[in-house]
Amino acid sequence: MKTYSFYTLLLIMLMGCADPARMLGFDSEKWQQDKKGCQGQRNTMVNDFESIRRELYGRPEAEIKDILGKPDAEQLMRRGQRVFIYYFESGSQCNERNKLSEANRAEVRFNALNKVSEITYLRPVPAAK
C-alpha cells in the first residue's frame, strides 16, 4: 500500500514539472510581456501570430495560456464555451480595465471540452511588411 502511494505521489510531482508549451518561431515571452497590447510589441508580431494560428486549433486551454499567457479579457458563451481575447494594439482597454475595446484583437474560442475550436480577428490586422 505504501509503495502505491509513493508512486502516485512521484507521478503527480513529475507531471507538475513539465515544461510549458511553446511554438517554434513564436516569442511567447515578448507576447506575454505586452499586456493588452499597450506597449506596441504585439503589433509587430502579427505575422508571427498568423503563422502559428492554425497550429493552436485543438490545443487545451492550459497550453494556450502557456503560449499566449493570461487572456486580456474573457467572455463566457452558451453551452460551456469561452472566448479568450488578446489585443494586438493599444486602445481604450489600456485605460478602462473592465471594458472591451474596439482595438484589433484575436479571439480564441474554446469548446465545452476546453479545446480551441476557432480563432478569429475583430478586424483583420494588415500584415507587417
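Residues numbered from 1 in each chain as written. Predicted model: local features only at pLDDT ≥ 70, side-chain atom pairs only at ≥ 80, totals over all residues. Heavy atoms only, no water.

Engineer: Summarise the confidence of the model for the chain; cite the residues concerned and give the values.
Structural biologist: Summarising the model, the chain shows a mean pLDDT of 84, and 78% of its residues fall at 70 or more. Per-element confidence in the chain ranges from a low mean pLDDT of 60 for helix α1 (residues 2-16) to a high of 96 for strand β3 (residues 105-110). (pLDDT = per-residue confidence, 0-100. Helix = DSSP H or I, 4+ residues; strand = E, 2+ residues; numbered from the N terminus.)

Engineer: Please provide a residue-by-residue account of helix α3 (residues 46-56), values included.
Structural biologist: Buried residues of α3: V46, F49, I52, R53 and L56, and no others. On an axial view of α3, the arc spanned by its buried residues comes to 140 degrees, and they lie on one face. On its buried side, α3 packs onto α2 (28-33), α4 (61-68), β3 and β4 (116-121). (Buried < 20%, exposed > 50% of the residue type's maximum accessible area, 1.4 Å probe, protein only. Arc of directions from axis to C-beta. Contact = heavy atoms within 4.5 Å.)

Engineer: Report on the packing of aromatic side chains, specifying residues and quantitative values.
Structural biologist: Per the counting criterion, the structure on display carries nine aromatic pairs. Relative to F49, the ring of W31 lies with its centre 5.5 Å away and its plane at 15 degrees, an arrangement referred to as stacked. Of this pair, W31 sits in helix α2 while F49 sits in helix α3, placing them 18 residues apart in sequence. For the pair W31 and F49, a shared accessibility class is recorded, and that class is buried. Where F84 meets F110, the ring centres are 4.7 Å apart and the plane angle is 65 degrees; that geometry is what we call edge-to-face. Of the two residues, F84 sits in strand β2 (residues 82-87) while F110 sits in strand β3, which places them 26 residues apart along the sequence. Here F110 falls in the buried class, since its relative accessible area comes to 0%. (Phe/Tyr/Trp six-rings, centres within 6.5 Å; stacked < 30°, edge-to-face > 60°.)

Engineer: How would you summarise the pattern of salt bridges if you had to cite specific residues and measurements?
Structural biologist: One pass over the full model with this rule turns up nine salt bridges. A salt bridge links R105 to E107, with the nearest nitrogen and oxygen atoms 2.8 Å apart. Of the two residues, R105 and E107, neither departs from the other in class, the shared state being buried. (Salt bridge = Lys/Arg side-chain N within 4 Å of Asp/Glu carboxyl O.)

Engineer: Break down the state of the cysteines for me, citing the residues and quoting the values.
Structural biologist: Evaluated as defined, the whole model comprises one disulfide. The disulfide partner of C38 is C94, and the S-S distance across this bridge is 1.9 Å. Across the S-S bond of C38 and C94 the torsion is about -110 degrees, and the bridge reads as left-handed. With C38 in the loop between α2 and α3 and C94 in the loop between β2 and β3, this pair connects stretches of sequence that are 56 residues apart. Owing to a relative accessible area of 30%, C94 belongs among the partly exposed residues under this scheme. (Disulfide = S-S within 2.5 Å.)

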